[in-house]
Protein chains: 2
Amino acid sequence: MYVAVDAMGGDHAPEVVVQGAVEAVTEFGVSVILVGDEARLREILGDRRIRDRILTAHCEDFISMDEPPLKAVRKKKRASIRVAFDLVRDGKAEAVVSAGNSGATVAAGVLTLGRLKGVERPAIAGVFPREAGPVVLIDVGANVDCRPAHLFQFGIMARAFASSCLGLRDPKIGLLSIGEEGIKGNEQVRLARELFEKSNLNFIGNVEGRDIFAGDVQIIVCDGFVGNVALKLSEGMAEAVRKMLSKDLRSSFLGRVGSRLAQDSLRNFQEKLDYEIYGGAPLLGINGVGVVCHGDSSPRAIKNAIKLAADYVENRLVEKMSTELKELLD
Amino acid sequence: MYVAVDAMGGDHAPEVVVQGAVEAVTEFGVSVILVGDEARLREILGDRRIRDRILTAHCEDFISMDEPPLKAVRKKKRASIRVAFDLVRDGKAEAVVSAGNSGATVAAGVLTLGRLKGVERPAIAGVFPREAGPVVLIDVGANVDCRPAHLFQFGIMARAFASSCLGLRDPKIGLLSIGEEGIKGNEQVRLARELFEKSNLNFIGNVEGRDIFAGDVQIIVCDGFVGNVALKLSEGMAEAVRKMLSKDLRSSFLGRVGSRLAQDSLRNFQEKLDYEIYGGAPLLGINGVGVVCHGDSSPRAIKNAIKLAADYVENRLVEKMSTELKELLD
């Protein structure tokens, strides 16, 4: 099984992407097809090419971060993200990983592989590390404006994802709003709430921003604008906290002594706040596996995202999601 | 100068509110008028009534957390939040503090004191603690749906607030979106961006969720839905981080030793993440000073919110905001 990696996507492509892919192959035993400018890829790979485990697929073009996604995807047939999804469509790979323009990844996925039946808008699911186990936030950026029915579909997709890939049975689903009372929130949220209440999903009602970390909800549904702000805010805060903590502990003598003694605890703590362990976020609702990474992903993040993509394939995510959608929407 | 305190507003009213007010009077030397059921207030106050420094104003009614704000404010003329603003209108107090239904606080403020010229929608400004100094997020909950012109006005109000009350000179203003590129974000954000670009404000363009903690922007403009989610998310995360940290450090022997030695650093660190030091968030755009607190505010949060309200009055926040609005909108 091969994972197609968009080697030209991301702020530090192709070097960092190739590095992450090599690490994934070495560490996790997955196989990859690097999609991009073959001459450059070969140069970066050097003697690290592992026979049959790292292939390359050549393409001339790529989509940059600031291009309008839909237009670029339609126009650039030989862009790396399109060629990557073509490999999946043609049965040569089983998943796509990209740190490039996430709007373009969504558009290319939909255009090439199509949507699952019952899904109007594919969405990106962000997984947040939490003391009490992970929480899934959906959508974290694929859809800026959503209708209530879209939000409801996001809930179903995230449920299938959480049960097949995160081991969460009948996860509790909440709708992100600005007050737990039903009357609060905007029109979109109020109408989506009705759809969830009529369903047989484990819907617990509205949740608030604080429940992402403090609540016992396991899936939180919101539109892609709010979700993207929330995801990036928490990543930024986690980073700020880690920096402050290191600095504060180093700044006093007692802190220095204490810090050394407490370093195991601190490392443990910092790992819990570390978003790189997830590496990427699954694009749900297309007829295939896609994983979206940050533009500024490190090799470690890319490596973990490739592992995730392989896991989703092994867990038959798409098949299970398709079944759940059928059951819940029929 | 008296601060009118809505003693019946909040999850733990009136006990916790009265406690916070007493602490504010004792610690900061401010004077308050507690608005609510006088018999109950006197009972709670007991012998802590400080002559002339803690007055009471009786009213029979209050607005609960789950009432539709506008309707309740119009109907309940003798609700504590309305009577509190009446005291300001009648010159008996100079600011209002409430931990009650925040929508009702906004509605009562507008109804009783009116809006400043040029302001269509008053907004609540959240102040986030940060290593590099505070950042103001506006709106954090007064307006669920906003037009581009409202977002622009939020920026002007926050600027006046930041310069008069936080000592930030010509603060950098960013528009919260889901990508730094101008083409990203929803329609509302794209149009608001044009208004900011045409102005002579220190506008730095779109910012993302991560910039709230990691960026050097000082004012971040967004609608009240997104802002409320962001505020509560970061509060929830700060709390989760503090809990995790204490637990992790206690859980290992080395951690325990280290923790004791590093306790000064940790306390310092935890205080940086402590939202209670701000206590409340200013309601900007009404013709007077209002401070909105969390429903579950502690006495310490209430105490600090009362101090803030008094500071805003002393800093002549409303007068300065009025001048800036006139200059920038004429």
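Being a predicted model, the structure only gives us computed values, none of them experimental.

So, on to the sheet that holds strand 5 (residues 123-128) of chain B. All names here are of chain B. Across the sheet, 11 strands lie side by side as 3-2-1-4-11-10-5-6-9-7-8; this open sheet has mixed pairing. Looking at strand neighbours, the two that pair on one side only are strand 3 (54-58) and strand 8 (203-207), the edges of this open sheet. Between one strand axis and the next, the sheet turns through 25° on average, direction left out of account. Two elements, strand 7 (residues 173-176) and strand 8, share four bridges in a ladder whose sense is parallel. What sits directly across from glycine 174, in strand 8, is glycine 205. With respect to the sheet, helix 4 (residues 80-89) is in contact with strand 1 (2-6), strand 2 (31-36), strand 3 and strand 4 (95-98), its orientation differing from that of strand 4 by roughly 160°.

Moving on, we get to the packing of aromatic side chains. Residue and element names in this part refer to chain B. The full count for this structure, using the stated rule, is eight aromatic pairs over all chains. With a centroid separation of 6.0 Å and an interplanar angle of 70°, the aromatic rings of phenylalanine 128 and phenylalanine 213 are classed as edge-to-face. Here phenylalanine 128 is found in strand 5, whereas its partner phenylalanine 213 is found in helix 8 (residues 211-214), with 85 residues between them in sequence. When sorted by exposure, phenylalanine 128 lands in the same class as phenylalanine 213, which is buried.

Another point: helix 13 (residues 317-329) of chain A. Residue and element names in this part refer to chain A. When the terminal C-alpha atoms of helix 13 are compared, their 18 Å separation across 13 residues agrees well with the 18 Å that a helix rising 1.5 Å per residue should span. Regarding helix 13, the residues found buried are Leu317, Val318, Met321, Glu324 and Leu325. Looking straight down helix 13, one finds that the buried residues subtend no more than 125° of arc, so they occupy a single side. When the buried face of helix 13 is taken as reference, the exposed residues oriented beyond 90 degrees from it are Lys326 and Glu327.

Residues and elements named next belong to chain B. Extensive coverage of strand 5 is indicated by the burial of six of its six residues. Of the two faces of strand 5, both are covered, the one formed by Ala123, Ala125 and Val127 as well as the one formed by Ile124, Gly126 and Phe128. With two bridges joining them, strand 5 and strand 10 (residues 281-284) adopt antiparallel strand pairing. Bridge pairing in strand 10 links isoleucine 124 to leucine 283. Bridge count between strand 5 and strand 6 (residues 135-138): four bridges; the pairing is antiparallel. Note that in strand 6 the partner of glycine 126 across the bridge is leucine 137. If you look at the hairpin formed by strand 5 and strand 6, you'll find six residues sitting between the two strands, and glycine 133 has a positive phi there, around 105°.

In terms of nonpolar packing, the biggest core is built from 225 residues, with Leu34 and Ile306 of chain A together with Leu34 and Ile306 of chain B touching the most fellow members. Not counting residues within four places of it along the chain, the set of residues in contact with leucine 34 of chain A comprises Val5, Ala7, Val18, Ala21, Leu41, Leu45, Ile54, Leu55, Thr56 and Ala57 of chain A.

A separate point is the state of the cysteines. One pass over the structure, following the stated rule, counts zero disulfides over all chains. Free of any disulfide, cysteine 165 of chain A has its nearest neighbouring cysteine sulfur in cysteine 293 of chain A, separated by 16 Å. Here cysteine 165 of chain A falls in the buried class, since its relative accessible area comes to 17%. No disulfide involves cysteine 59 of chain B; its sulfur sits 17 Å from that of cysteine 293 of chain B, the nearest cysteine.

Attention shifts here to the packing of helix 4 of chain B against helix 5 (residues 102-113) of chain B. Residue and element names in this part refer to chain B. At a minimum axis separation of 9 Å, helix 4 and helix 5 run at an interaxial angle of 35°. Crossing geometry of helix 4 relative to helix 5 is assigned as right-handed. Residues Ile81, Arg82, Phe85, Asp86, Val88 and Arg89 of helix 4 form the contact with helix 5, whose participating residues are Ala104, Thr105, Ala108, Gly109, Leu111, Thr112 and Leu113. Here the residues of the contact of helix 4 with helix 5 are counted per class, giving seven nonpolar, three polar and three charged.

The next subject is the side chain of serine 298 of chain B. Looking at the element boundaries, serine 298 of chain B is found in the loop between strand 11 (289-292) and helix 12 (299-314). Among residues more than four places away in sequence, those in contact with serine 298 of chain B are Val16 and Glu276 of chain B.

Attention now goes to the environment of alanine 79 of chain B. All names here are of chain B. Along the polypeptide, alanine 79 turns up in the loop between helix 3 (69-75) and helix 4. Look at alanine 79 and you get buried, because its relative accessible area is 0%. Along the chain, alanine 79 and histidine 58 lie 21 residues apart, while their C-alpha atoms are 10.0 Å from each other. In this structure, alanine 79 is in contact with Cys59, Asp61, Phe62 and Ile63, ignoring residues within four places of it in sequence.

Strand-to-strand pairing in sheets goes through backbone hydrogen bonds, with the strands running parallel or antiparallel. Residues and elements named next belong to chain A. Reading across the sheet, the 11 strands line up as 3-2-1-4-11-10-5-6-9-7-8 and stay open at both edges, with mixed pairing between neighbours. Each edge of the sheet is formed by a strand with only one pairing partner; in this case those strands are strand 3 (54-58) and strand 8 (203-207). Taken pair by pair, the neighbouring strands of this sheet meet at an average axis angle of 25°, ignoring direction. Two strands pair when backbone bridges link them, and strand 10 (residues 281-284) and strand 11 (residues 289-292) are joined in this way by three bridges, in the antiparallel orientation. Bridging across to strand 11, leucine 283 finds its partner in glycine 290. In this fold helix 4 (residues 80-89) packs onto strand 1 (2-6), strand 2 (31-36), strand 3 and strand 4 (95-98), with an angle of close to 160° to the strand it touches most, strand 4. Relative to the sheet, helix 6 (residues 148-165) contacts strand 5 (123-128), strand 6 (135-138), strand 7 (173-176), strand 9 (219-221) and strand 10, its axis offset from that of strand 9 by approximately 160°.

With that settled, consider the pattern of salt bridges. Counted by the stated rule, this structure contains 36 salt bridges over all chains. A salt bridge links arginine 210 of chain A to glutamate 239 of chain B, with the nearest nitrogen and oxygen atoms 3.9 Å apart. A residue pair is termed interchain when its members come from two chains, as with arginine 210 of chain A in the loop between strand 8 and helix 8 (211-214) and glutamate 239 of chain B in helix 9 (residues 224-251). Between glutamate 60 of chain B and arginine 78 of chain B there is a salt bridge, with its nearest N and O atoms 3.6 Å apart.

Turning to unusual backbone geometry, a few remarks are in order. Residues and elements named next belong to chain B. Residue proline 14 is bonded to the preceding alanine 13 through a cis peptide linkage, with omega at -5°. Of note, proline 14 is situated in the loop between strand 1 and helix 1 (15-28). Residues isoleucine 138 and aspartate 139 are joined by a peptide bond in cis, for which omega reads 10°. Structurally, the position occupied by aspartate 139 is in the loop between strand 6 and helix 6 (148-165). A positive phi is found at arginine 316, a non-glycine position, where the angle reads about 50°.

Moving on, we get to the environment of valine 18 of chain B. All names here are of chain B. By secondary structure assignment, the location of valine 18 is in helix 1. Among the residues examined, valine 18 registers a relative accessible area of 0% and is labelled buried. When the C-alpha positions of valine 18 and alanine 149 are compared, they lie 39 Å apart, and in sequence the two are 131 residues distant.

All names here are of chain A. Across the two faces of strand 4 the burial is the same, with Ala95 and Val97 and Val96 and Ser98 all buried. By the bridge criterion, four bridges tie strand 4 to strand 11 in an arrangement that is parallel. When the sheet's bridge partners are listed, alanine 95 is paired in strand 11 with valine 289.

Time to look at the domain arrangement of chain A. All names here are of chain A. Domain annotation for chain A reports domain 1 (1-119 + 285-315) and domain 2 (121-279). In this complex, domain 1 contributes 19 residues to the contact, which on the side of domain 2 involves 16 residues. Interface area for domain 1 against domain 2, summed over the two sides, is near 1400 Å², with a carbon-plus-sulfur share of 60%. On the domain 1 side of the contact with domain 2, Val119, His294 and Arg300 bury the most area, a combined 32% of that side's loss. Along the contact surface separating domain 1 from domain 2 lie zero salt bridges. For the pair domain 1 and domain 2, the interface holds two residue pairs in polar contact (both at pLDDT 80 or more). Where the side of domain 1 that touches domain 2 is concerned, the elements lending two or more residues are helix 5 (102-113) and helix 12 (299-314). At six residues, the largest contribution of residues to the side of domain 1 that touches domain 2 is made by helix 12. Residue composition of the side of domain 1 that touches domain 2, by class: 10 nonpolar, seven polar and two charged.

About the cut-offs
- Residues numbered from 1 in each chain as written.
- Chains lettered and ligands numbered in written order.
- Predicted model: local features only at pLDDT ≥ 70, side-chain atom pairs only at ≥ 80, totals over all residues.
- Heavy atoms only, no water.
- Pairing = 2+ DSSP bridges.
- Helix = DSSP H or I, 4+ residues; strand = E, 2+ residues; numbered from the N terminus.
- Axes fitted to C-alpha atoms, helices over the stretch in contact; angles between N-to-C directions.
- Contact = heavy atoms within 4.5 Å.
- Phe/Tyr/Trp six-rings, centres within 6.5 Å; stacked < 30°, edge-to-face > 60°.
- Buried < 20%, exposed > 50% of the residue type's maximum accessible area, 1.4 Å probe, protein only.
- Expected span 1.5 Å × (residues − 1).
- Arc of directions from axis to C-beta.
- Core = buried A, V, L, I, M, F, W, Y, C linked by side-chain atoms within 4.5 Å.
- Disulfide = S-S within 2.5 Å.
- Left-handed = near helix turned anticlockwise from the far one by under 90°.
- Nonpolar A, V, L, I, M, F, W, Y, C, P; charged D, E, K, R; others polar.
- Salt bridge = Lys/Arg side-chain N within 4 Å of Asp/Glu carboxyl O.
- Domains from an automatic or database assignment.
- Buried area = accessible area lost by both parts, 1.4 Å probe.
- Polar contact = N/O pair within 3.5 Å; in protein donor to acceptor, adjacent residues only side chain to side chain.

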